[in-house]
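Reading the structure
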Amino acid sequence: MILYQLLPQQRHGERTPYVLRCLIEVALCQGKKSNLESLQKSDLLKLWIKIWSITFRGISSERIQAENFGLLGAIIQGNLIEADREFWKLFTGSTCRPSCNFPHLALEKILVSLTMKNCKAAMIFFQSMPECEQHQKDEEEPSFSEVEELFLQTTLDNMDFLTTVEEGAIEKHQSSISFSVHQNLKTTNSETLVRCSSLLVGVLSCCCYVGIIAEEEAYESELFQKAKSLMQCAGEMITLFKNKTNEESRIVSVRNMMHLCTRCLCHCTQASFIKKPFEYGEIESVEDDTDENGMEMENPSSMNLFNDYPVDSVSDANESGESQSMIGAMNPLAEEHLSKQDLLLLDMLKFLCICVTSAQANNMSFRAADIRRKLLMLIDPSMLDPTKYLHLHMYLVLLKELPGKDYPLPMEDVVELLKPLSSVCSLYRRDQDVCKTILNHVVHVVMNLCRGNMDAENTRDAQGQFLTVIGAFWHLTKEGKCVFSVRMALVKCLKTLLEADPYSKWAILNVMGKDFPVNEVFPQFLADNHHQVRMLAAVSINRLFQDMKQRGSSTLLKALPLKLQQTAFENAYSKAQEGMKKVSHRAANPELLDEIYNRKSVLLMMIAVVLYCSPICEKQALFALCKSVKENGLEPYLIKKVLEKVSETFGYRRLEDFMASHLDYLVLEWLNLQDSEYNLSSFPFILLNYTNVEDFYRSCYKVLIPHLVIRSHFDEVKSIADQIQEDWKSLLTDCFPKILVNILPYFAYEGTGDSGMAQQRETAAKVYDMLKDENILGKQIDHLFISNLPEIVVELLMTFHEPGTSGTSQGTDFSGDLDPAPNPPHFPSHVIKATFAYISNCHKTKLKSILEILSKSPDSYQKILLAICQQATETNNVYKKHRIFKIYHLFVSLLLKDIKSGLGGAWAFVLRDVIYTLIHTINKRPSRFMDVSLRSFSLCCDLLSQVCHTAVTYCKDALENHLHVIVGTLIPLVDDQMEVQEQVLDLLKYLVIDNKDNENLYMTIKLLDPFPDHVVFKDLHITQQKIKYSRGPFSLLEEINHFLSVSVYGALPLTRLEGLKDLRRQLEQHKDQMMDLMRASQDNPQDGIMVKLVVSLLQLSKMAINHTGEREVLEAVGSCLGEVGPIDFSTIAIQHNRDTSYTKALELFEDKELQWTFIMLNYLNNTLVEDCVNVRSAAVTCLKSILATKTGHHFWEIYKTTTDPMLIYLQPFRASRKKFLEVPRLDKENPLEGLDDTSLWIPQSENHDVWIKTLTCAVLDSGGIQSEILQLLKPMCEVKTDFCQTVLPYLIHDILLQDTNESWRKLLSTHIQGFFTNCFRHASQTSQSMTPASLDSESEPFFRCWKKSQRTMLAVVDYMRRQKRPSLGTVFDDAFWLELNYLEVAKVAQSCAAHFTALLYAEIYADKKSMDDQEK
């Protein structure tokens, strides 16, 4: 109601657009509400009818046309009123005057989309079309006013710098864009011609963008020729205007035409259609006439910009009326000073300027240099009289439009353009509007100042002229003689200067004989008196940390040198704090509360920008926030608001994770402040989302206590222990590895001559002596040292930091001088190695190296390698991830040097673990490298090369099982990653060519898939093919057997891509042989090679889902199947896909427990090379437990006589002690109760993974499992869905084997049958209530997961049916381990496309029913 009342009152007021926008939002909101009462609907309908009427009547107002149309659209969209026939008058042009102001290329995109089969898809595709920056500035109505944007920045709700989408990457569509539906046929002919020409060229450009025609074809097309003809006709009409410059209608017409032509230039890739006017010279003649009649020049006196005048003439006190130097004075920029001919001249000047800049990117029929020279003659000091308003406007137009952004002016022209600048500024220095406009326009010149030869006289001259003016404005600003709008424009100029010269090599302001680099001047605006100026400086502060020259390109922004960044942060933080202190002493004044809040928001915004753009200053910025809670009174909720947005942008799931990654540094710096107020209890833990200090201590004591210990603050350690109700010595024990990191390196740090280091060594020795005291850790310290050695090694490795300037040999190739330091303490590699040597010397056995000590417990290597991988997995920070890769490189390099010692029997595991870790890392490479990610990638390739060389040299056949995976991973890198092509090719040549005669690799090389038929692989391809066909060419049968002989790790199907491509070629070339093989397969389906091939191809396609290279592998498999053709798939479908390890277990062992042991160990061994760290960790836990049991030991003794290498990889996990692990039996009072829950057996949600994990773990916890091997599998069942699906049938089998009174059989039968009954009912309801069309995309995931659950339970039934029941003898009886209704099971199998299984189960049901009927 209030908005409705405001609407007619504000018809011509400034608030009208805001009222309309509010009404749009209300309309959209009401449209979403469906629970309004009838009385409310009636009252609202009356209101909306009135609002509609007012809006409809004002539709022709161009000023608010966008809002009017937006409101009408929102009303219609919400169905708030019923549109009558009057509405359609909008489309006739009789109701409103059309503006013809469509969004840029919108009409053209619509027209081209309408020619497409899928119009909607075409329009979506067009949204990715690059937008013209000029149109974005000129056409789009901003969604918010400057005040609204400033408000959102102040409340920290608007942080545009955090967006990851590059500027201009996506076209912006807003509800407030202008809208027109009718081209007025009465429009002046010249305008119509230009509009039509623009439309034709726009359609052609859209056609080129979607690939309908090539750009070259577009130039020759009939449409383009017609567009040129139209423009030629329009140009000829200019001739008629030359002698009629006083006719107002003609002037308006030509002005409109100029505007249209200017718009056309922005989006036409070929500007040939404007050749005609230039060839005839009409525009030049008009311009020349105007020059002669309207420009009488006088030599302006040169005035000093520093001429003094009263400070109070312009001050912030009068900024509400800001622009005039004197009350009542006419604004020199007002159009009232100019005649219509003057305005036309300015329009023509703008058009000519754009023509000149466009000519640098396109071939034109005119000489742009000549026109540019003529334009510059207009502002020659001998002709320009800046006291005349027309001349002032002309200069401003040229200053803004003539400098090109992408194609700069020649430096001599820049000099000419800037010559009048000083005198114009001096003349109008008291007019704030003119000063603001000059600064806003001159900013376009800045990027021209860095393009030429920096030492050239012209360049220095141009820079000097520009910097003199900017320096003068800055001086006036410091003296308080510039209003905020001028200061805003000045900040924009300085910001652009920083973009042009980020190092401030030449961007230096000389004021009163002193030099001030711009990068030192810029932060001073953070303490400006006006909030908008401060905020602009804050959001632009990234220019002090990054080189912005590559902004908007595909190249990532380059960081500035370390010292520049650190200095910039110190200056910026200091100035922002200075701004806070200006008002802090007046905080009691209620009127200043907003100002205090505003200055806080500026400080927060500045720090947020630094956090985002400067990894090197990230820790400093975070600590500044922590200090600001106490020093500047920043409210924690505001800081958390900023940090949550920043951490989300960085990829952290929670704010706590982001803060915890820096907590060591923050606590260290906090305690280093050496102020009684800065202790742990006063630390702003609320920023980590802890509500009280106890929760903070309980969660973070492992970080906090080492900092207290190294300071000998044991009383505070005891205080923490008391508050979290723990024994303080137990806390010291938990933190022992981290405590030693602050001690041991200083013992090993020798010969540095650093007094500070000597003092730290003294402190470390003192603390260590205190720890050895009987009242603290005492003799326990030696035991802690040995038992925690792997953890100590990991903690020491995590201190590794070696920036590119350190000059050390280890890791230097992969370091960058801007890699941020990790949490303290941190040391270079030589100190870490020295610390390892120190530990080995202190060990009681006096072993030569720390690796020999670790070899006494071979699983130590696995612990360390896994811990490093865990750290890499947990971080999203690319710099931290790279540092961890360097740590991995450092430790693995140490292992490789000692590999010939056997590493305590862990050598095979270590090699395989490192190879697959590197392969997984390589496969997760980003699509586009930045500096640090490229170094990480190169490091991985380098380390893989080291591993391969070491394995070939010292480990004989160690690479035999991994060569195919290594080569298959490396091949795609040669073409995809040119940065490491040579590095990768060298490794491939070493493996295949240099080792072609290696007896251990020869057969493996023979089995490799062929190399691509590319030039770079020529030698590799020839070498491998010679080995493969050393005994002559292969038949198709041999080729297929060769393809099938390679078993590949399931998570890396991409490694078979080249083999699939070669197989397709073989199938294509040997159709005759394939027919014979097909007939043979039909005659003998069980052993037919074509059947095996198709099964193998289908398995590969299944493995490829959700893995690297999925699309490529699926396409290659499809091509092979296409060559095979439509064979009889029934012979394939009926084959049961048995697990190979299960089949082998049956062959090797009769004892069921040993069979299960083999199956589980085989599965867990394969799991050790998976990418997921949590899965690998769980597999290790299970392996250690299984191998420690009596069954595990017995299995080992039997299986070690075989040739299978599995036990070589499992060696580190074999328990050395002779005492076997006793698996405790779960004796429950009512063991059946745990599984007697319907919700446990029937999926309650769409998440199959959660259901199967919960069910499997519940079965393990039920107490019904007797097998000690199966009982130990819970860690894996908690993390891996596939493992649960594998092990569930064995768990059910084990329970039923021990079921003497059939109580378990009854329970399991009830719930498994209940599962199938529920599936059957669900399927029946679905088939009745849903057609295929009604199965929308939202319901698809549920059905997909439901099918997985069904297949899992079908696998249980299928497995049990194949097992021999102990009491009964017939095969038919084996189908009834469980009492099931096989008809319902058959229907579920049918719904899962297991047609032959369904038929089998239906037969079992029929036979059972027949037998039951006979018994009756």
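As the structure is a computational prediction, the values presented were derived from the model and not from experiment. (Residues numbered from 1 in each chain as written. Predicted model: local features only at pLDDT ≥ 70, side-chain atom pairs only at ≥ 80, totals over all residues. Heavy atoms only, no water.)

**Re the overall build of the protein chain**
- Assigned secondary structure in the protein chain consists of 68 helices and four strands.
- Buried residues in the protein chain amount to 52% of all 1416 residues.
- Considering only intrachain contacts with a sequence separation of at least 6, the fraction spanning at least 24 residues in the protein chain is 73%. (Helix = DSSP H or I, 4+ residues; strand = E, 2+ residues; numbered from the N terminus. Buried < 20%, exposed > 50% of the residue type's maximum accessible area, 1.4 Å probe, protein only. Contact = heavy atoms within 4.5 Å.)

**Points about the pairing of strand β2 (residues 514–517)**
- The sheet contact formed by strand β1 (residues 508–511) and β2 spans four bridges and is antiparallel. From the neighbouring strand, Asn510 faces β2, where its bridge partner is Asp515.
- Following β1, the chain reverses through two residues before pairing antiparallel with β2; Met512 in that reversal takes a positive phi of roughly 55°. (Pairing = 2+ DSSP bridges.)

**What about the packing of helix α43 (residues 907–923) against helix α44 (residues 931–954)?**
- At a closest axis distance of 10 Å, the pairing of α43 and α44 adopts a crossing angle of 150°. Between α43 and α44, the interaxial angle falls into the category roughly antiparallel. The handedness of the crossing between α43 and α44 is left-handed. Along its contact with α43, which presents Leu911, Val914, Ile915, Leu918, Thr921 and Ile922, the element α44 presents Phe937, Cys940, Cys941, Leu943, Leu944, Val947 and Ala951.
- Residues of the contact of α43 with α44, tallied by class, amount to twelve nonpolar, one polar and no charged. (Axes fitted to C-alpha atoms, helices over the stretch in contact; angles between N-to-C directions. Parallel < 35°, antiparallel > 145°, perpendicular 65-115°, else oblique. Left-handed = near helix turned anticlockwise from the far one by under 90°. Nonpolar A, V, L, I, M, F, W, Y, C, P; charged D, E, K, R; others polar.)

**A word on the environment of Glu1112**
- Looking at where Glu1112 falls in the secondary structure, it is placed in helix α53 (residues 1110–1124).
- Spatially, the C-alpha atom of Glu1112 lies 9.9 Å from that of Pro1053, the residues being 59 residues apart in sequence.

**Focus on helix α48 (residues 1018–1028)**
- Among the residues of α48, Leu1020, Thr1023, Gln1024, Ile1027 and Lys1028 are the ones counted as buried. Each buried residue of α48 sits inside an arc of 130° when the element is viewed along its axis, so together they form one side. Structural note: α48 exposes Lys1018 and Lys1026 on the side pointing more than 90 degrees away from its buried face. (Arc of directions from axis to C-beta.)

**Here's the deal with the pattern of salt bridges**
- Considering all chains together, one arrives at 47 salt bridges under this definition.
- Between Glu416 and Lys419 there is a salt bridge; the shortest N-O distance is 3.0 Å.
- You can call Glu416 partly exposed: its relative accessible area is 28%.
- Judged by its relative accessible area of 41%, Lys419 is partly exposed.
- Each of Glu1302, Arg1305, Glu1379, Lys1408 and Asp1412 takes part in salt bridges that share partners, so that together they form one network. (Salt bridge = Lys/Arg side-chain N within 4 Å of Asp/Glu carboxyl O.)

**A word on unusual backbone geometry**
- A cis amide bond links Pro824 with the next residue in sequence, Pro825, at an omega value of -5°.
- For Pro825, the location among the structural elements is in the loop between α38 (789–797) and α39 (829–842).
- One non-glycine residue, Ser712, lies in the positive phi region at around 65°.
- Here Ser712 is to be found in the loop between α31 (693–710) and α32 (714–723).
- When its relative accessible area of 23% is taken as the criterion, Ser712 is described as partly exposed.

**Overview of the packing of aromatic side chains**
- All told, the structure shown has 35 aromatic pairs when counted by the stated rule.
- Aromatic side chains Phe683 and Phe696 sit 5.7 Å apart centroid to centroid with 10° between the ring planes, which places their arrangement in the stacked category. Of this pair, Phe683 sits in the loop between α30 (663–672) and α31 while Phe696 sits in helix α31, and the two are 13 residues apart along the sequence. Taken as a pair, Phe683 and Phe696 share a single burial class, namely buried.
- Taken together, Trp670, Tyr678, Phe683, Phe685, Tyr690, Phe696 and Tyr697 form an aromatic cluster joined through their ring pairs.
- Geometry around Phe516 places Lys478 over its ring, the cationic atom sitting 5.4 Å from the centre.
- Directly above the ring of Phe1043 sits Arg1056, whose terminal nitrogen or CZ lies 4.2 Å from the centroid. (Phe/Tyr/Trp six-rings, centres within 6.5 Å; stacked < 30°, edge-to-face > 60°. Lys NZ or Arg CZ within 6 Å of the ring centre and 35° of its normal.)

Purely spatial values, then, with no claim about function.
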